[in-house]
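# Observations on the three-dimensional arrangement
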Amino acid sequence: MNLHEYQGRALFRAAGIPMPDGDVASTPSEAESIARRVGGTVVVKAQVHAGGRGKAGGVKLAKTPGEAGDAAERILGMTIKGLVVQKVLVVPAAEIATEAYVGLVMDRASQRPLLIASPAGGIDIEEVAAKTPDRIRRVIIDPRYGLLPHQAMGTAFFLYREIAAARAAARIMEQLYQVFTGNGCSLAEINPLVTTPDGRVMALDAKVSIDDNELDRRPDLALLRDESAEAPSEVQARRANLTFIKLEGNVGCVVNGAGLAMATMDLVKFYGGEPANFLDIGGSSNPEKVVNALRIITSDPKVQAILFNIFGGITRTDDVANGIKAALAQFPVRVPIVVRLTGTNEAEAVKILQGIGMTALSDMDEAVRNVVGLAREAA
Ligand code: GDP
Ligand code: MN
């Protein structure tokens, strides 16, 4: 789950990370009154789940409360990377001497938290990594001991020569590590971490992603979810208890079990197709899940054909067949469906499908080749 900057800021500030005061607004007049309250020049910032807001015109300086209102007027409703801006953050503008990058991510290779830092902050860190990899430092953290003082200080000296600035940055890294581990983050990032002309070090941006698995035990964090900023199909799927990830292809996939779902996607690609989604309907079957899955997949206009790949174990294939039957009775499906099923109650499933004029294949390879061919014909 991604947080907005204003939500991430609240976590950072609670951990003691120095950040300018400020508040979030949904209207220009709210933005204007926040600007009046904080006083002086402010920055008005689009709150969307996307980086590069600065480049897209979503970050504006305003010298007076009136200008802040005008900036908010222009930014609210703007579309950045396909996302409509519904809120702006209004914060006192900082004077910037230097911009650095500090981030923590969960590193799959080492299976540990990874501290990443670069003195070349402000811009895309991916670009720095690609063009000037020596300007990035990575430190793997042993979770038994946490971020050790020498690791933080060593990394801080990679950013700053001055001892006072390095000490301040090391402290911020330790606070960031507390945010990261204390909230089940998969990412906690400050870009830019700035120094001011009078020698202070502070964070001017907050990017936080929380591992969805943390949310069951942290209802306070779960409340921060902004469904209006997520793909509608993923929101529907979560509500229906389906594990669903929207992708860009045109072959819809309904599969039971994550491993089989991955194998199915691989095979779709192997035969030259592109999966429209990852979907695991789960180990236990009930027809309602299949109805929900089909509703979500058919609402994607890109989908040209749908593949069911069901290996019946705990999942009863007749339940799945009944789900298909129920879905087709409830709403029109305008694209061809290819069904491959085998295993528990297969004979019943085949009968149910024949009853509605459908056939079931038992060979996965054949089914995937068929569905990729149908999607290609339609495209
Ligand atoms: P992002 O582009 O979406 O990552 O948004 P950021 O919050 O990182 O802002 C982008 C850029 O705007 C920063 O790298 C700064 O150069 C600039 N910026 C943000 N806040 C301030 C501020 O308080 N003062 C000044 N002078 N520039 C700022
Ligand atoms: Mn940023």
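Every chain is numbered on its own, with residues counted from 1 as its sequence reads. Lettering for chains starts from A, numbering for ligands starts from 1, and both go in the order in which the items are written. At least 70 in pLDDT is required for a residue's local features to be given in this predicted model, at least 80 for side-chain atom pairs to be given and counted, and no such filter applies to totals for whole chains, interfaces and linings, which use all residues. The basis for every side-chain value is the complete set of heavy atoms in the structure, and neither hydrogens nor water enter the calculation.

Helix and strand counts for the protein come out as 13 helices and 18 strands. Expressed along its principal axes, the backbone C-alpha trace of the protein runs to roughly 80 × 50 × 40 Å. Of all 379 residues assigned to the protein, the portion counted as buried reaches 49%. Contacts between residues were defined by any pair of non-hydrogen atoms, one from each residue, lying within 4.5 Å. Partitioning the intrachain contacts of the protein with sequence separation of at least 6 by distance along the chain shows that 66% fall at a separation of at least 24. For the protein, the accessible surface area stands at approximately 17900 Å², while carbon and sulfur atoms represent 52% of it. His residues and chain termini do not enter the charge count, which takes Lys and Arg as positive and Asp and Glu as negative. A charged residue contributes its charge at one atom only: NZ of Lys, CZ of Arg, CG of Asp or CD of Glu. One way to put it: in the protein the 41 positive side-chain charges average out to a point 3 Å from where the 44 negative ones average out. Helix numbers and strand numbers start at the N terminus; a helix is a DSSP run of H or I with at least 4 residues, a strand a run of E with at least 2. Classification of residues uses two cut-offs on accessible area relative to the type maximum, computed with a 1.4 Å probe and protein chains only: under 20% is buried, over 50% is exposed, and between them is partly exposed. Working definition of accessibility: Shrake-Rupley area with a 1.4 Å probe, residue cover restricted to the visible protein chains.

One finds Phe12 and Leu193 to be the most contacted residues of the largest nonpolar core, which totals 39 residues. Residue assignment for this core shows that the elements contributing at least two residues are helix 1 (5-14), strand 7 (98-107), strand 8 (112-118), helix 5 (149-159), helix 6 (163-182), strand 10 (185-195), strand 11 (201-203) and strand 12 (207-210). Element by element, the count of residues in this core is highest for helix 6, at 10 residues. Among residues more than four places away in sequence, those in contact with Phe12 are Ile17, Met19, Leu176, Val179, Glu189, Ile190, Asp205, Ala206 and Val208. The nonpolar core is taken to be a set of buried Ala, Val, Leu, Ile, Met, Phe, Trp, Tyr and Cys residues, with the residues joined through side-chain atoms within 4.5 Å. With 31 residues, the next largest nonpolar core counts Ala276, Val335, Ala349 and Leu353 among its residues.

Where helix 2 (residues 28-38) meets helix 3 (residues 65-75), the axes come as close as 8 Å, and the angle between the chain directions of the two elements is 145 degrees. The interaxial crossing formed by helix 2 with helix 3 has right-handed handedness. Where helix 2 abuts helix 3, its residues Pro28, Ala31, Glu32, Ala35 and Arg36 lie against Pro65, Gly66, Ala68, Gly69, Ala72 and Glu73. All amino acids are sorted into three groups, where Ala, Val, Leu, Ile, Met, Phe, Trp, Tyr, Cys and Pro are nonpolar, Asp, Glu, Lys and Arg are charged, and the leftover types, Gly among them, are polar. Taken together, the residues of the contact of helix 2 with helix 3 sort by class into 6 nonpolar, 2 polar and 3 charged. Lines fitted to C-alpha atoms define the axes here, with helix axes fitted over just the stretch in contact, and angles between the N-to-C directions of these axes take values from 0 to 180 degrees. In this scheme the handedness of a crossing depends on how the near helix is turned from the far one: anticlockwise by less than a right angle means left-handed, clockwise means right-handed.

Turning to the domain arrangement of the protein, a few remarks are in order. The domain limits used here are those given by an automatic or database domain assignment. What the domain assignment reports for the protein is domain 1 (21-92), domain 2 (98-222) and domain 3 (231-378). On a C-alpha basis, the centroid separation for the pair domain 1 and domain 3 is 44 Å.

Around the manganese ion (ligand 2), the protein contributes the donor atoms Asn191 (O) and Asp205 (OD), which lie 2.2 Å from the metal centre. Of the two residues, Asn191 is situated in strand 10 and Asp205 in the loop between strand 11 and strand 12; the sequence distance between them amounts to 14 residues. Across this residue pair, the class does not change: Asn191 and Asp205 are buried. Only nitrogen, oxygen and sulfur atoms count as donors, using a 2.8 Å cut-off from the metal that widens to 3.2 Å for Na, K and Ca. Water is left out, so coordination shells may look unfilled.

This part is about the site of ligand 1. The near set for a molecule or strand comprises every residue that places at least one heavy atom within 4 Å of it. Around ligand 1, 16 residues are found, and the nearest of them are Lys45, Arg53, Ala94, Glu99 and Asn191. For the purposes of these results, a polar contact is taken to be a pair of N or O atoms within 3.5 Å, where, inside protein, one atom must be able to donate a hydrogen and its partner to accept one; residues adjacent in sequence count only when each atom of the pair is a side-chain atom. The side chain of Lys45 places a nitrogen or oxygen atom 2.5 Å from an oxygen atom of ligand 1. In the model, an oxygen atom of ligand 1 is placed 2.7 Å from a nitrogen or oxygen of the Glu99 side chain. Those elements that place two or more of their residues in the shell around ligand 1 are strand 2 (42-46) and strand 10. The residue makeup of the shell around ligand 1, split by class, is 7 nonpolar, 5 polar and 4 charged. Looking at which domains feed residues into the shell around ligand 1, each of domain 1 (21-92) and domain 2 (98-222) gives three or more.

What follows is about helix 6. Between its first and last C-alpha, helix 6 extends 28 Å over 20 residues, near the 28 Å set by a 1.5 Å rise per residue. Within helix 6, burial applies to Ala165, Ala166, Ala169, Ala170, Ile172, Met173, Gln175, Leu176, Tyr177, Val179 and Phe180. In the core, the buried residues of helix 6 are packed alongside helix 1, strand 7, strand 8, helix 5, strand 10 and strand 11. Phi for Gly184, located one or two positions after helix 6, is positive at around 60 degrees. Helices are assigned an expected span. That span is 1.5 Å times one less than the residue count.

Structurally, the position occupied by Arg340 is in strand 17 (residues 337-343). Note on definitions: salt bridges are taken to be side-chain nitrogens of Lys or Arg within 4 Å of carboxyl oxygens of Asp or Glu. Here Arg340 occupies a buried position and makes no salt bridge, while the nearest side chain of opposite charge, Asp363, is found at 6.5 Å. Only 3.1 Å separates the side chain of Arg340 from the backbone oxygen of Ser362, close enough to count as a polar contact. Setting aside residues no more than four positions away along its own chain, Arg340 makes contact with Phe308, Asn309, Ile310, Phe311, Leu361, Ser362, Asp363, Met364 and Ala367.

With that settled, the discussion passes to unusual backbone geometry. Cis peptide bonds are those with omega within 30 degrees of zero, and the linkage from Asn191 to Pro192 qualifies with 15 degrees. In this structure, Pro192 sits in strand 10. Even without a glycine there, the phi angle at Gln111 is positive, about 60 degrees. Tracing the sequence through the fold places Gln111 in the loop between strand 7 and strand 8.

All right, on to the pattern of salt bridges then. If the charged atoms of two oppositely charged side chains come close together, the side chains can form a pair. Here the structure, examined in full by the defined rule, presents 22 salt bridges. A salt bridge links Glu214 to Arg217; the shortest N-O distance between them is 2.9 Å. A salt bridge links Arg239 to Glu227; its shortest N-O distance comes to 2.4 Å. With Arg239 in helix 8 (residues 232-239) and Glu227 in the loop between helix 7 (219-222) and helix 8, the pair connects residues that are 12 residues apart, well separated along the chain. On the accessibility criterion, Glu227 (29% relative accessible area) is partly exposed. Put simply, Asp212, Arg225, Glu227, Glu230, Arg238 and Arg239 are held in one network by salt bridges that share partners.

Next up on the list: the sheet that holds strand 1 (residues 23-25). Note on pairing: DSSP must find at least two bridges between two strands before they are called paired. Across the sheet, 4 strands lie side by side as 1-6-2-3; this open sheet has antiparallel pairing. Whereas interior strands pair on both sides, the edge strands pair on one side only; in this sheet they are strand 1 and strand 3 (59-62). Looking at each pair of strands side by side, their axes are set apart by 25 degrees on average, direction ignored. Sheet strands in contact with helix 2 are strand 1, strand 2 and strand 6 (88-92), and its direction is about 160 degrees off that of strand 1.

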